[in-house]
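In case you want the letters, here they are:
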Amino acid sequence: TIPDTTVQKEAAVAIDHLSFRYNEKEREIFHDYSLTIEEGSMVTLTGRTGAGKSTLFKLILGLYPPKEGTVQIFGRAPQNIPEEEKRTVYGSVEQDFRMIHGSIRQQITLDNPSITDAMVWNALETAQLKDTVASFPDQLDTKCTPEIFSRGQFQLLSIARAVVCNPKLLLLDEITANLDSNTEQLVFKALAKATENRTVLSISHRLYQVKGGTQIEIQ
């Protein structure tokens, strides 16, 4: 008998019989909900406002524990992933960039000393922002202020932050919702590179139209 040497891939995201509400006085957002996202998939969540799409992201990121059931990323509960390892497992891009005090480098590294300048420049190249930062006199040491980039460029910076540690899973939460059409196209160009060889879970009808993949409705 020839042994089966097929390597079974761990699901990127496995949600099993999930029930969740923010507090006992509020309605249940999820009840006995299950979802499996295979590694390498591109999945777009759809559904009405308030259906729970962003809440599902928060559960996947481990910001809230499920009331019942389990949420796992590559076989582990997100709360059990060590802090220093999280950015190699997943990256998250939200609607608006959350700036911290400091340089452009610090916006991407979040003061993680293990992230090298080479990694930062590579992330900026992926995010289509390398040439812009390289044109500044102080380059990575440039102080980051609200005036230094356009809204779309800050979204590119957010992509660079999310991918700098080369995570296996990328979560995109309506990241083009507040952009004009010209800037949106620039972000899509960055995403085309950022999503290569990764599992991608997004909340964005426009991204689905550009990249394809599978749509799953949250009801």
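The paragraphs below set out a description of the structure included in this document. All of these numbers come straight from a predicted model, not from anything done at the bench.

**Quick word on the sheet that holds strand β7 (residues 199-203)**
- A sheet is described by the order of its strands in space; here five strands give the open sequence β5-β6-β7-β3-β8, paired in parallel fashion. Whereas interior strands pair on both sides, the edge strands pair on one side only; in this sheet they are β5 (90-93) and β8 (214-217). Each strand axis lies, on average, 20 degrees off the axis of its neighbour in the sheet, ignoring direction.
- Here strand β3 (residues 42-46) pairs with β8 via four bridges, running parallel. Counterpart to Thr44 in the pairing with β8 is Gln215.
- Lying on the sheet, helix α6 (residues 151-163) is in contact with β5 and β6 (169-173); it crosses β5 at an angle near 170 degrees.

**A short note on helix α7 (residues 181-194)**
- For α7, which comprises 14 residues, the first-to-last C-alpha distance of 20 Å matches the rise-based estimate of 20 Å (1.5 Å per residue) to within 8%.
- For α7, the full list of buried residues reads Thr183, Glu184, Val187, Phe188, Ala190, Leu191 and Ala194. Buried residues in α7, looked at end-on, bunch into an arc of 165 degrees, giving them a common side. Facing away from the buried side of α7 by more than 90 degrees, the exposed set consists of Ser181, Asn182 and Lys189.

Rules used throughout
- Residues numbered from 1 in each chain as written.
- Predicted model: local features only at pLDDT ≥ 70, side-chain atom pairs only at ≥ 80, totals over all residues.
- Heavy atoms only, no water.
- Pairing = 2+ DSSP bridges.
- Helix = DSSP H or I, 4+ residues; strand = E, 2+ residues; numbered from the N terminus.
- Axes fitted to C-alpha atoms, helices over the stretch in contact; angles between N-to-C directions.
- Contact = heavy atoms within 4.5 Å.
- Expected span 1.5 Å × (residues − 1).
- Buried < 20%, exposed > 50% of the residue type's maximum accessible area, 1.4 Å probe, protein only.
- Arc of directions from axis to C-beta.

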